[in-house]
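Residue-level listing of the chains:
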Amino acid sequence: MTSKDIQLEIRGEQQHIAVIRLTRPAKRNALSDGLMLAIRDTFENLPSSVRAAVIDGEGEHFCAGLDLSELQERDAGQGLHHSRMWHDALERVQYGPVPVIAALHGAVVGGGLELASACHIRVADESTFYALPEGSRGIFVGGGGAVRIPRLIGAARMADMMLTGRVYNAQDGERIGFAQYLVPQGQAFDKAYELADRVAQNAPLTNYALMHALPRIAEQPADQGFLTEAMMAAIAQSAPEAKDRVRAFLEGRAAKVQKG
Ligand code: 1HE
């Protein structure tokens, strides 16, 4: 599906970075059904050269969440299917082909926060604020937020946000775990791109393990998690690329870990 509300640009000499931009600034990048389907299709059809992606939003805000103008009278069945459509789209982001870095600024609210939560790394600039206005709109999260947001900040903080309308600013958002990086205003995209470039240099199987195995291992009982970890470790280390990289270090051809 093509949409004027989303833009895909492939960057880098090896065409290894996808830059995906929400381009609906007049509506604060509110997520219409069409835009959600376009997000799904964009992540499903990334070129095979792509190794990492950055997602950001045009204008003053990352994303104002669900397009409220489309919120009609839905019966229970329609509401269920609408929410499942969001789940489907955001699963393509979280469990798609490559790690996704969200560059956040301005409003990251409602479904916009659900979209950001499906990404693997979040970089926020100082203008960022986080909210879940669903509570005051008389609705509930429906884009996977009830699953993903408590894993970032805990169920108690999420309940507080929805019950009281609490808004977290950029500093507090980083402190509680919404974003892994906080940068000066206007610099989120550049930092996200720099990280994507770094992520894209990893062995593809390592990135696969971090995207697809780690979150599942983290949810497993410990004894199952240890076994899944061992199997993923065995698969990753058996790849020729892993052997090349280890040999390069042992022969002094690879970078040492630098003090942070
Ligand atoms: C919208 C939306 C939207 C803006 N749906 N049209 N999300 C919310 O409850 C957040 C609602 N939005 C806001 O609180 C504010 O718009 C912002 C803080 C994000 C930005 O404020 P501001 O002053 O920059 O913009 P604005 O003047 O409020 O909005 C500009 C236009 O965008 C205006 O339309 P216009 O035709 O009058 O120009 C707004 O109506 C429109 N707009 N946000 C539709 N969200 C899977 S379940 C997920 C459930 C949710 O996400 S609920 C949370 C929804």
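What comes next concerns the included structure. (Residues numbered from 1 in each chain as written. Predicted model: local features only at pLDDT ≥ 70, side-chain atom pairs only at ≥ 80, totals over all residues. Heavy atoms only, no water.)

1. Digging into the sheet that holds strand 5 (residues 107-109)
Here's step 1: Ordered in space as 5-7-8, the three strands form an open sheet in which the pairing is mixed. The open sheet has two edge strands with one neighbour each: strand 5 and strand 8 (168-169).
Here's step 2: In this structure, strand 5 lies alongside strand 7 (residues 129-131), joined through three bridges in parallel fashion. From the neighbouring strand, Ala107 faces strand 7, where its bridge partner is Phe129. (Pairing = 2+ DSSP bridges. Helix = DSSP H or I, 4+ residues; strand = E, 2+ residues; numbered from the N terminus.)

2. Description of the pattern of salt bridges
Here's step 1: Applying the stated criterion to the full structure yields 16 salt bridges.
Here's step 2: Among the salt bridges present, the one from Arg40 reaches Asp41, with a minimum N-O distance of 3.0 Å.
Here's step 3: Here Arg40 falls in the partly exposed class, since its relative accessible area comes to 23%.
Here's step 4: Assessed through its relative accessible area of 9%, Asp41 is described here as buried.
Here's step 5: It is possible to trace a salt-bridge network through shared partners that takes in Arg40, Asp41, Glu44, Asp88 and Arg92. (Salt bridge = Lys/Arg side-chain N within 4 Å of Asp/Glu carboxyl O. Buried < 20%, exposed > 50% of the residue type's maximum accessible area, 1.4 Å probe, protein only.)

3. Re the packing of aromatic side chains
Here's step 1: In this structure the tally under the stated criterion is three aromatic pairs.
Here's step 2: Their ring planes at 20° and their centres at 4.6 Å tell us that Tyr130 and Phe178 sit as a pair that is stacked. With Tyr130 in strand 7 and Phe178 in the loop between helix 7 (170-176) and strand 9 (181-183), this residue pair connects regions lying 48 residues apart in the sequence. No difference in accessibility class separates Tyr130 from Phe178, as the two residues are buried.
Here's step 3: Taking 6.4 Å as the distance between ring centres and 75° as the angle between the ring planes, the aromatic pair formed by Tyr168 and Phe178 counts as edge-to-face. Of this pair, Tyr168 sits in strand 8 while Phe178 sits in the loop between helix 7 and strand 9, and the two are 10 residues apart along the sequence. (Phe/Tyr/Trp six-rings, centres within 6.5 Å; stacked < 30°, edge-to-face > 60°.)

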